[in-house]
Amino acid sequence: MEEMKTENKKRSLSFIQPTSVPTLGNYLGALKSWPSFQGEYDTVYGVADLHSITVRQEPAKLRQRTHEMFAMLLALGIDPQRGVVFIQSQVPAHSQLAWILNCYSQFGELGRMTQFKDKSAQHSDNINAGLFTYPCLMAADILIYQADVVPVGDDQKQHVELCRDIAKRFNGIYGDVFTLPEPFIPKFGARVMSLADPKKKMSKSDLNPRATVMLNDEPNVIMNKFKSAVTDSETCVRFGEGKDGINNLMTIYSAVTKKSFEQIEADFSGKGYGDFKKAVGEAVVEELRPVQAEYKRILADKAYLTECEKAGAEKASRIAARTLSKVMKKVGFVI
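These figures come from a predicted structure and were not determined experimentally.

**Student:** Honestly, the overall build of the protein in this entry has me stumped. Any pointers?
**Tutor:** Helices and strands together make up the secondary structure of the protein, namely 14 helices and five strands. Whereas a compact globule of 335 residues would reach a radius of gyration of roughly 20 Å, the protein reaches 21 Å, a difference of no more than 12%. The principal-axis extents of the C-alpha atoms in the protein amount to approximately 75 × 45 × 40 Å. Counting across all 335 residues of the protein, residues that qualify as buried make up 50%. Considering only residue pairs separated by 6 or more positions, the protein has 74% of its internal contacts joining residues 24 or more positions apart.

Shown next as structure tokens:
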């Protein structure tokens, strides 16, 4: 990717925190589709390690997980030659722009953020200023690359809307400096629920190890998790009310095999839940097999991984520097 946007292509931006391994829910809900964006958009993908430290992290573990998440993005099929893939903290311009945007954000706006309220309740012993100004850093992430679209889940849509408000305020004072980003909620992502409690979303923070399939789980571990998945007292594989466990397994199986619910019901007519759970587990194992193999290969090639991280940071820095320079001149800084 060149420093300027490719003609006739909008720029999309996607970030993921390195605090833990992504889940099957993350993969089927969003990550699986990320490489396909490279055909339609100029793409920017970032490992959001700066965002991670609003919660206390063990330094060595954060460093290791950051490398692992970068490797995972490449393993998913994201081509670093066709876009920008980088580690957020390796581009200091994010933090510089975030401070400036702090000064164009209102205290009341930040206080209304749902995620701030939720995280404050979860981490009542560490309600730090970074947690409060988190949306300003997120706005900097988006605006510094002049992103047109930001694929997000429902929980992040509010942050993108605040980002637009900040950009409009800044543009209203200084002219058209920032592109106004649009939140984009992909419709093709599957909503994957917990295998242990199918009424709640699959989560990497679930205390029940059988509830969540992680992208680096070994095949036998994946199979055991699906075999122990909660279902219901019926034995009929069909989508319906009161069948949350089977509905979830059918959703996963459909997302992986591309089969419709009607086709799945026909395929497993007269068969029990044991057969169906085994089939879902095997389908997921096969879906993740190439991703896991590539992930292990990239992690083992430390020179290649370091080279990609360095090249990505340089590419991101060139784009970010253009925006930051423009912003600093507008504000009145000596540069």
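**Student:** Just checking my understanding: could you explain the pattern of salt bridges for this structure?
**Tutor:** If charged atoms from side chains of opposite charge come close, those side chains can pair. In the structure shown here, the tally under the stated rule is 15 salt bridges. E282 is the salt-bridge partner of K278, the closest N and O atoms lying 2.9 Å from each other. One end of the pair, K278, and the other, E282, are both in helix 13 (residues 273-300), four residues apart, so they sit about a helical turn from each other. Note on K278: relative accessible area 41%, which makes it partly exposed. We classify E282 as partly exposed; its relative accessible area is 36%. When salt bridges with common partners are traced through the structure, they connect D232, E234, R238 and K243 into a single cluster.

**Student:** Just to check I follow, could you spell out helix 5 (residues 93-102) for this structure?
**Tutor:** Since one α-helical turn is 3.6 residues long, residues separated by three or four positions face the same way. Those residues of helix 5 not exposed but buried are A93, H94, L97, A98, I100 and L101. On an axial view of helix 5, the arc spanned by its buried residues comes to 165°, and they lie on one face.

**Student:** I would appreciate a short explanation of the packing of aromatic side chains in the present structure.
**Tutor:** In this description, a pair of aromatic rings is defined by centroid distance and the angle of the planes. Scanning the entire structure with this criterion turns up 14 aromatic pairs. For the ring pair Y253 and F268, a centre distance of 5.9 Å and an interplane angle of 80° mean the geometry is edge-to-face. Here Y253 is found in helix 11 (residues 244-257), whereas its partner F268 is found in the loop between helix 12 (261-267) and helix 13, with 15 residues between them in sequence. Aromatic side chains F268 and F276 sit 4.9 Å apart centroid to centroid with 70° between the ring planes, which places their arrangement in the edge-to-face category.

**Student:** Please explain the pairing of strand 2 (residues 42-47) as it appears in this structure.
**Tutor:** The side chains of a regular strand alternate between the sheet's two faces. The element strand 2 is largely enclosed, with a buried count of six among its six residues. Every second residue of strand 2 is oriented toward a common face, with D42, V44 and G46 on one face and T43, Y45 and V47 on the other, all of them buried. As paired elements, strand 2 and strand 3 (residues 84-87) share four bridges and run parallel to each other. Residue pairing for strand 3: V47 is matched across the bridge by I87.

**Student:** Honestly, the packing of helix 13 against helix 14 (residues 302-331) in this entry has me stumped. Any pointers?
**Tutor:** Two packed helices can be described by the angle between their axes and the distance between those axes. Closest axis-to-axis distance for the helix 13/helix 14 pair is 5 Å, and the angle between their directions is 90°. What the angle tells us is that helix 13 and helix 14 run roughly perpendicular. Contact with helix 13, carried on its side by R297, I298, L299 and A300, involves K302, Y304 and L305 of helix 14 and no other residues of that element. Residues belonging to the contact of helix 13 with helix 14 are distributed by class as follows: five nonpolar, no polar and two charged.

**Student:** Is there a simple way to explain the side chain of S52 in this structure?
**Tutor:** Along the chain, S52 falls in helix 3 (residues 49-52). On the basis of relative accessible area, S52 is assigned to the buried category, the value being 1%. Contacts of S52, omitting those with residues within four sequence positions, involve Q17, P18, T19, Q57 and L62.

About the criteria used
Every chain is numbered on its own, with residues counted from 1 as its sequence reads. The predicted origin of the model limits local features to residues at a pLDDT of at least 70 and limits the giving and counting of side-chain atom pairs to 80 or more, whereas totals for whole chains, interfaces and linings rest on all residues. Side-chain descriptors were evaluated using all non-hydrogen atoms of the structure, hydrogens and water having been removed beforehand. Elements are defined by DSSP. Helices are runs of H or I of four residues or more, strands are runs of E of two residues or more, and each kind is numbered from the N terminus. Here the radius of gyration uses the C-alpha set of atoms, whereas the globule reference equals 2.2 Å times the residue count to the power 0.38. In this scheme, a residue with accessible area under 20% of its type's maximum is buried, one over 50% is exposed, and one in between is partly exposed, where area comes from a 1.4 Å probe on protein chains only. Here, two residues are considered to be in contact whenever any of their heavy atoms come within 4.5 Å of each other. Note on definitions: salt bridges are taken to be side-chain nitrogens of Lys or Arg within 4 Å of carboxyl oxygens of Asp or Glu. In this description, the arc belongs to the directions extending from the helix axis to the C-beta atoms. Between rings of Phe, Tyr and Trp, where Trp is taken as its six-membered ring, a pair exists when centres lie within 6.5 Å; planes separated by under 30 degrees are stacked, by over 60 edge-to-face, and by other angles tilted. For two strands to count as paired, DSSP must find a minimum of two bridges between them. Angles shown run from 0 to 180 degrees and are taken between the N-to-C directions of axes, each axis being a line fitted to C-alpha atoms and, for helices, limited to the stretch in contact. Oblique is the label for any angle not under 35 degrees, not over 145, and not in the 65 to 115 range, which are roughly parallel, roughly antiparallel and roughly perpendicular in turn. Think of it as three bins: nonpolar holds Ala, Val, Leu, Ile, Met, Phe, Trp, Tyr, Cys and Pro, charged holds Asp, Glu, Lys and Arg, and polar takes everything else, Gly as well.

Read these as layout, nothing more, since geometry by itself doesn't imply function.
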